[in-house]
Amino acid sequence: MRKLIFLDKVVVYLKENLDKTREEVEENLEIIIKRSIVDYLVNKRKLNIEEMSDVTVTLVIDFEKDENKLKLIIEEYMFEMNYKNEVLFRMFRLGLDNEHFIHQDLKELENEINVFENGIGIPLN
């Protein structure tokens, strides 16, 4: 089984921080995801961190809760990074605006972002 880039860390963070405010969770998830993506690009894809710029992860989230689980809803998001002054990826949903560009060599990252944007359910038991 392949190692996840950031989804596993998001799930662990959510399970351990269900008592935090939406704003705290949003801010911390942005940091966790950004670090995880940079680590993946440096360690697995062997990109030079010095050549990376404009690294952006921005989230607007909400939660839906039922008796058995909490679902993280991604209302708006932006994932963006440049490498050697060219766009490496830019994926966002901000209001009615959408863009989806990612370098063809980053299919794993694209798939993980696509799963993430659909939300994540966390069991409450």
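Please read all numbers here as calculations on a predicted model, not as lab measurements.

**A short note on the overall build of the protein chain**
Scanning the protein chain for helices and strands turns up 3 helices and 5 strands. Along the chain direction, N to C, the helices and strands of the protein chain fall in the order α-α-β-β-β-β-α-β. What you see for the protein chain is a C-alpha radius of gyration of 15 Å, in line with the 14 Å of a compact globule of 125 residues. Each principal axis of the C-alpha atoms in the protein chain carries an extent, and together these give about 45 × 35 × 25 Å. When the 125 residues of the protein chain are sorted by exposure, 38% land in the buried category. Counting only contacts in the protein chain whose residues sit at least 6 apart along the sequence, the fraction spanning at least 24 positions is 53%. One way to put it: in the protein chain the 18 positive side-chain charges average out to a point 6 Å from where the 27 negative ones average out.

**Describing the confidence of the model for the protein chain**
Close reading of the predicted structure is inappropriate where its pLDDT is low. Taken residue by residue, the protein chain gives an average pLDDT of 93. The fraction at 70 or more is 98%. Per-element confidence in the protein chain is highest for helix α2 (residues 22-44), whose mean pLDDT is 96, and lowest for strand β5 (residues 120-123), whose mean pLDDT is 88.

**Concerning the environment of E110**
Along the chain, E110 falls in helix α3 (residues 107-117). Each C-alpha atom, one on E110 and one on H100, is 9.2 Å from the other, the two residues being 10 residues apart in sequence. If we skip the residues at most four places from it in the chain, E110 touches M91, H100 and I102. Only 3.1 Å separates the side chain of E110 from the side chain of K107, close enough to count as a polar contact.

**Overview of the packing of aromatic side chains**
Considering all chains together, one arrives at 4 aromatic pairs under this definition. Judged by centre distance (6.2 Å) and plane angle (85°), the rings of F79 and F116 are edge-to-face. With F79 in strand β2 (residues 69-83) and F116 in helix α3, this residue pair connects regions lying 37 residues apart in the sequence. The exposure classification of F79 matches that of F116, with both residues buried. Aromatic rings pair up to connect F6, Y77, F79 and F116 into one cluster.

**Thoughts on the pattern of salt bridges**
Under the defined criterion, the tally for this structure stands at 8 salt bridges. Across the salt bridge formed by R90 and E99, the nearest N and O atoms sit 3.4 Å from each other. Members of the salt-bridge network, linked through shared partners, are R22, E23 and E26.

**Quick word on a negative patch on the surface**
The grouping of D62, E64, D66, E67 and E75 at the surface amounts to a negative patch. With respect to the helices and strands, E75 occurs in strand β2.

Cut-offs and rules
Residues numbered from 1 in each chain as written. Predicted model: local features only at pLDDT ≥ 70, side-chain atom pairs only at ≥ 80, totals over all residues. Heavy atoms only, no water. Helix = DSSP H or I, 4+ residues; strand = E, 2+ residues; numbered from the N terminus. Rg over C-alpha atoms; globule rule 2.2 N^0.38 Å. Buried < 20%, exposed > 50% of the residue type's maximum accessible area, 1.4 Å probe, protein only. Contact = heavy atoms within 4.5 Å. Lys, Arg positive; Asp, Glu negative; His and termini not counted. Charge placed at Lys NZ, Arg CZ, Asp CG, Glu CD. pLDDT = per-residue confidence, 0-100. Polar contact = N/O pair within 3.5 Å; in protein donor to acceptor, adjacent residues only side chain to side chain. Phe/Tyr/Trp six-rings, centres within 6.5 Å; stacked < 30°, edge-to-face > 60°. Salt bridge = Lys/Arg side-chain N within 4 Å of Asp/Glu carboxyl O. Patch = residues over 30% accessible without salt bridge, like charges linked within 9 Å, V, L, I, M, F, W, Y side chains within 5 Å. Areas by Shrake-Rupley, 256 points an atom, 1.4 Å probe, with all protein chains shown as cover.

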